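Notes for the structure review
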Amino acid sequence: MTAPPGPARSNTADLTVAPSAGDILKEVAQKLGLTPVQVERTLAEANITLKSPTAADRRLRIIRLRASGTKHSGDDFTVEQPFTPGVWAIVHPDNSAGKTSLLEFLVFPLRGGPRDLPPDVRSWLRHLSVDIAVAGRAIRIVLDVDDQPHPQLRGRILAGESVDQLLAADDEALRLLATASGNEEVSRCIGEFFLDALRMEHTNLWQVTGGADGEGAPQVHGWASYFGACYLNPGGDEILLGDVAGGLPGRLMELFVDIPYSTALTQLSVAGKREKKTITQGQRRAEGDAEARRTEREAWQTELADVTGQIEAWRRAAAQDISPLLRATDQAATELRGVRALLEEAEQTLTEVSAARMRAEQGLLDARETWQARRVLGRLDPVCCPRCEEPLGSGRRSEEREQANCAVCTRPLPEVDPETAEALLAELEQTLERSQDAEREATDRRLRAAEAVQSALADHREAAAGLDQGLATSQAHDRLRDLEIRAAELRGRLEATGSTSPAPPVPVSAQVLAATEEAVRAAVDAAAKQLFPAMNEAIVELATRFGVQNLDSVKLDRAGKVNAVKAGVKTTFKRLSRGDRLRMRIATVIALLRVSADRGVATHPGLLLIDSVAAEEVTEVPARTLIAELQAIAAELPELQVVLTTAQPELVDALPKDHLITSDGEHLF
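Cut-offs and rules
Counting starts from 1 at the beginning of each chain's written sequence and moves along it residue by residue. Only residues with pLDDT of at least 70 are given local features in this predicted model, and only at 80 or more are side-chain atom pairs given and counted; all residues enter the totals for whole chains, interfaces and linings. Just so you know, side-chain values use all the structure's heavy atoms and leave hydrogens and water out. Per the convention used, a helix needs a DSSP run of H or I reaching at least four residues, while a strand needs a run of E reaching at least two, with both numbered from the N terminus. Burial classes follow relative accessibility: with a 1.4 Å probe on protein chains only, a residue under 20% of its type's maximum area counts as buried, one over 50% as exposed, and anything between as partly exposed. The contact rule is simple, with two residues in contact once any of their heavy atoms fall within 4.5 Å. Each accessible area is a Shrake-Rupley result for a 1.4 Å probe, and residues are judged covered by the shown protein chains and nothing else. When a carboxyl oxygen of Asp or Glu lies within 4 Å of a side-chain nitrogen of Lys or Arg, that pair is called a salt bridge. Grouping buried Ala, Val, Leu, Ile, Met, Phe, Trp, Tyr and Cys residues that are joined through side-chain atoms within 4.5 Å yields what is termed a nonpolar core. Two strands qualify as a pair provided DSSP detects at least 2 bridges between them. Helix axes are fitted only over the stretch in contact, all axes being lines through C-alpha atoms; the angle between N-to-C directions runs from 0 to 180 degrees. The predictor attaches a confidence to each residue, and that confidence, scored 0 to 100, is pLDDT. Here is the rule for angles: anything less than 35 degrees is roughly parallel, anything more than 145 is roughly antiparallel, 65 through 115 is roughly perpendicular, and the remaining ranges are oblique. Charged residues are taken to be Asp, Glu, Lys and Arg, nonpolar residues to be Ala, Val, Leu, Ile, Met, Phe, Trp, Tyr, Cys and Pro, and polar residues to be all remaining types, Gly included. As used in this structure description, the phrase polar contact means that two N or O atoms lie within 3.5 Å; if the pair is within protein, one of them must be able to donate a hydrogen and the other to accept it, and residues adjacent in sequence are counted only when both atoms belong to side chains. Put simply, two rings from Phe, Tyr or Trp (the six-membered ring, in Trp's case) pair if the centres are within 6.5 Å, and we call them stacked under 30 degrees between planes, edge-to-face over 60, tilted for the rest. Distance and angle both matter: a charge sits over a ring if NZ of Lys or CZ of Arg is within 6 Å of the ring centre and within 35 degrees of the ring normal.

With that out of the way, let us pick up the overall build of the protein chain. Scanning the protein chain for helices and strands turns up 17 helices and 15 strands. By the burial criterion, 44% of the 669 residues in the protein chain qualify as buried. Relative to all contacts within the protein chain whose residues are 6 or more apart in sequence, the contacts with residues 24 or more apart total 69%. When the accessible area of the protein chain is evaluated, it comes to approximately 34,900 Å², of which 51% is carbon and sulfur surface.

Below, the structure written as structure tokens:
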């Protein structure tokens, strides 16, 4: 069942010739005032090599699949299936019959790891090999699994002289290209082989929130991601091509339609974003340093003001003459000595008059106690013998007072006339009064002298303190010098950090990356403007043939999104039905093949693997139409090879019998 011929294809054979790598290097060098060699060296430092575009041969064709192993039941199984170009169908009406497993047997060695191989089936495998033609080379990829408690995967890549020799030769007769052990190493080995054989490179896509700091980092994609353009996602998947959203679908389209410099543009974009991230982080650190420096400057200014004040005070103090201070101190000391002498004299006088007052009191008391004249006369109070001047003891004095015996000769004292005694008592009272008056006067004088001493002492202390300060100031040259040195140091710091640091210049490397990206993007945009309209026309034609209803137009953008218009309504890829998504996905890949074929290049491998091709259909007609159109397109594109699975044998009854992989038994193997 074949639809009428589609509209005339756009001519893409006469594309404007892309500029050479040398032309781009010269353009960038002239713009930046550098030499092409300097530009090329800067790009090399970023691991970017600008190569002039040349058409790559990326044809990939499956020739034979062989698999063997032992099931859990203990039964051995063997699969050997040859393949030719065209549409192939793995068919069985029952679920769990092994359709997806057989498809995954192809995927495992081609991709470097299965995508949806059931774990139990994988555990059965002991040997898996696929013979393929890669860009005209005869290659065999062999996977072996040890029969051990912990099976170890081993991989080998072998090369033959020709396809015929490859099919006829044992592994030992082929040339060994690479070996690997372990799942990761085998996957890496196969991926690196296909990238090299198909002239492809890893793709770095910038992940905005990636990296340890969460500020962005490149995400590396290799052959396993590229294989998504061969092993198509199921209909319900919302990503057009590949397993990763966020730029990879667009990258796959640019790569497989062979837009010149598309890989270099991706590398330049990632390198530029990495450079921009580095510059931004440097600016942020510089701003943090500037803020910290502002805080430091405030502290330095505060300290400088304090130090300046201290210097002025020390200088004023140092300018004073200490001679007046010395004279004032000497005068205060002289006055202090004078008043202290007066105080001592007043204290001596007070002591003497106090003793005289005490004697007068005692004499009056003794006279009043005895009215005998002799006792009154005894108040003469001799202190020694008038002849030998021997001191009189206290015993004789007590005897004189108590018994009226003379303290000198011990004879009884003569009687005294009462009137005479009264006169003597009056005289003693007057003597006591004079003694008391003298004591009070001496006490007052002593008090005034003590107050004068205290005042003179305070004046002396004040004068001495002023002298000490003057002397200290006059001897503080070291301190003043230290303060002046500190002030000079602070002024130097403030002057050195006073002006705002200018924004650092954009590094030459960043300028080269930006200018090169701009030049390369112009070349990519020019090619895309010529190729994408042809892609859009081809997608509309093919999707309509595959059964997408009411499709007016599509606009494929550089991000890998197919923006469709159905019955006049804009419809995004996500809004399409699950079946239409699969048909649109197949149409996009075949459009890549068609546009490449029109240009005489083979930039897509030409291999399509589709699991459960009719799973999204609600009726038989759309699925039958899709498969019939795939067969018709395979006739148009002789290099196209399609392998699909289905649980509905009636859908593929138009395919050649030798292109059906099926079984009458319960399982396919």
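Resuming the write-up.
Pairing of side chains with opposite charge becomes possible as their charged atoms draw close. Across all of its chains, the model carries 25 salt bridges by this definition. Note that E489 is salt-bridged to R486, the shortest N-O span being 3.2 Å. Remark: R486 and E489 occur in helix 14 (residues 477–496); sequence separation between them is three residues, near one turn of the helix. Taking the relative accessible area as the measure of exposure, E489 reaches 36% and is therefore partly exposed. Judged by relative accessible area, R486 falls into the partly exposed class, the value being 23%.

Our next topic: unusual backbone geometry. Unusually for a residue other than glycine, N47 sits at a positive phi of about 60 degrees. Residue N47 is classed as exposed on the basis of its relative accessible area, which comes to 69%.

Further remarks concern the nonpolar core. With 133 residues, the main nonpolar core has F105, F194, M584, I586, L630 and L644 as its most contacted residues. A total of 19 residues in this core trace back to one element, the largest contributor, which is helix 15 (residues 508–546). With near-sequence residues (within four places) excluded, I586 lies in contact with L232, F546, L608, I610, L626 and L630.

A few words now on the environment of G338. With respect to the element layout, G338 can be found in helix 10 (residues 323–369). Note on G338: relative accessible area 33%, which makes it partly exposed. Between the alpha carbons of G338 and A456 there is a distance of 9.3 Å; along the sequence they are 118 residues apart.

Turning next to the pairing of strand 11 (residues 562–566). With four of its five residues buried, strand 11 lies for the most part within the structure. Pairing analysis gives five bridges linking strand 10 (residues 551–556) to strand 11, with the strands arranged antiparallel. Residue pairing for strand 11: K555 is matched across the bridge by N563. Counting the residues that bridge the hairpin from strand 10 to strand 11 gives five residues, and of these G560 lies at a positive phi of roughly 85 degrees. Bridge analysis of strand 11 against strand 12 (residues 569–571) gives three bridges, and the strand direction is antiparallel. Its bridge partner being in strand 12, A564 is matched across the sheet by T571. Remark: two residues form the turn of the hairpin made by strand 11 and strand 12, two consecutive strands paired antiparallel; A567 in that turn has positive phi of roughly 50 degrees.

Pairing within the open sheet is antiparallel, and its three strands lie in the order 10-11-12. This sheet does not close on itself; its edge strands, each paired only once, are strand 10 and strand 12. Sheet twist, expressed as the average angle between the axes of neighbouring strands with direction ignored, equals 25 degrees.

Before going further, it helps to spend a moment on the confidence of the model for the protein chain. Chain-level pLDDT for the protein chain is 81 on average; 85% of the residues reach the 70-or-more range. pLDDT under 50 marks residues 1–8. Its contacts with residues more than four places away, or in other chains, come to eleven contacts. Note on residues 372–379: pLDDT under 50 across the span, and 26 contacts to partners over four residues away in sequence or across chains.

Moving on to the sheet that holds strand 1 (residues 60–70). What the six strands build is an open sheet, ordered 2-1-4-5-6-7; its pairing is antiparallel. Two strands close off the open sheet at either side, each with one partner strand: strand 2 (76–82) and strand 7 (175–181). Sheet twist, expressed as the average angle between the axes of neighbouring strands with direction ignored, equals 15 degrees. As paired strands, strand 5 (residues 137–145) and strand 6 (residues 153–160) are joined by eight bridges and run antiparallel to one another. Counted as the bridge partner of I141 is I157 from strand 6. Relative to the sheet, helix 3 (residues 99–111) contacts strand 1, strand 2, strand 4 (125–134), strand 5 and strand 6, its axis offset from that of strand 4 by approximately 70 degrees. Along the sheet, helix 6 (residues 183–197) makes contact with strand 1, strand 4, strand 5, strand 6 and strand 7, crossing strand 7 at roughly 145 degrees.

For the rest of this paragraph, the subject is the packing of helix 2 (residues 36–45) against helix 15. It is at 10 Å that the axes of helix 2 and helix 15 come closest, and there the two elements cross at 100 degrees. Our classification of the angle between helix 2 and helix 15 gives roughly perpendicular. Across from V39, T42 and L43 in helix 2, the residues of helix 15 making contact are S509, V512, L513 and T516. When grouped by side-chain class, the residues that make up the contact of helix 2 with helix 15 number four nonpolar, three polar and no charged.

Turning our attention to the side chain of E104. Tracing the chain through its elements places E104 in helix 3. Looking at E104, its side chain comes within polar contact range of the main-chain nitrogen of R115, at 2.9 Å. Not counting residues up to four positions away in its chain, the partners in contact with E104 are P114, R115, D116, L117 and Y231.

The two faces of strand 2 differ: F77, V79 and Q81 on one face are buried, but D76, T78, E80 and P82 on the other face are not. Direction of pairing for strand 1 relative to strand 2: antiparallel, over a ladder of seven bridges. Paired with S68 across the bridge in strand 2 is T78. Where strand 1 hands over to strand 2, the hairpin turn is made up of five residues, of which G74 adopts a positive phi near 100 degrees.

Turning to the side chain of K566, a few remarks are in order. Along the chain, K566 falls in strand 11. A polar atom in the side chain of K566 sits 3.0 Å from the side chain of D580.

Counted by the stated rule, this structure contains seven aromatic pairs. Note on F194 and W223: the rings are 4.8 Å apart at their centroids and 15 degrees apart in plane angle, and the pair reads as stacked. Of this pair, F194 sits in helix 6 while W223 sits in helix 7 (residues 223–226), placing them 29 residues apart in sequence. One exposure class covers both F194 and W223, and it is buried. Here the aromatic residues F77, F105, W124 and F669 are joined through ring pairs into a cluster of three or more. R115 extends its terminal NZ or CZ atom over the ring of Y231, reaching a point 3.8 Å from the ring centre.

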